[in-house]
Amino acid sequence: MKLEVMKEKIGSEELLDALCQALTTDELEDNLRYIDRTHDLQIF
């Protein structure tokens, strides 16, 4: 999987930062809300 290759090459933190920068504010919030909901974090 391409994601795994990228994670191996630049590391998880750098990849996360790059993904966050690539998304619009609304896209990022939608995705964070999804993660919050699916992991029952109750942050939002």
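Residues numbered from 1 in each chain as written. Predicted model: local features only at pLDDT ≥ 70, side-chain atom pairs only at ≥ 80, totals over all residues. Heavy atoms only, no water.

## With respect to the overall build of the chain
Next, step 1: Tallying secondary structure elements over the chain gives three helices and zero strands in all.
Next, step 2: With respect to the principal axes defined by its C-alpha atoms, the chain has extents near 30 × 20 × 15 Å.
Next, step 3: Looking at the 44 residues of the chain, the share that counts as buried comes to 5%.
Next, step 4: As displayed, the chain has an accessible area near 4,200 Å², and 54% of this comes from carbon and sulfur atoms.
Next, step 5: Across the chain, the centroid of the 5 positively charged side chains sits 7 Å from that of the 11 negatively charged ones. (Helix = DSSP H or I, 4+ residues; strand = E, 2+ residues; numbered from the N terminus. Buried < 20%, exposed > 50% of the residue type's maximum accessible area, 1.4 Å probe, protein only. Areas by Shrake-Rupley, 256 points an atom, 1.4 Å probe, with all protein chains shown as cover. Lys, Arg positive; Asp, Glu negative; His and termini not counted. Charge placed at Lys NZ, Arg CZ, Asp CG, Glu CD.)

## So, the pattern of salt bridges
Next, step 1: The full count for this structure, using the stated rule, is two salt bridges.
Next, step 2: Its salt-bridge partner being Lys 7, residue Glu 4 comes within 3.5 Å of it at the nearest N-O pair. Residue Glu 4 and its partner Lys 7 are located together in helix H1 (residues 2-10), separated by three residues, close to a single helical turn.
Next, step 3: Put simply, Glu 29 and Arg 33 hold a salt bridge, and the shortest N to O gap is 2.8 Å. On the criterion of helical spacing, the pair formed by Glu 29 and Arg 33 is a turn pair, its members being four residues apart in helix H3 (residues 25-38). (Salt bridge = Lys/Arg side-chain N within 4 Å of Asp/Glu carboxyl O.)

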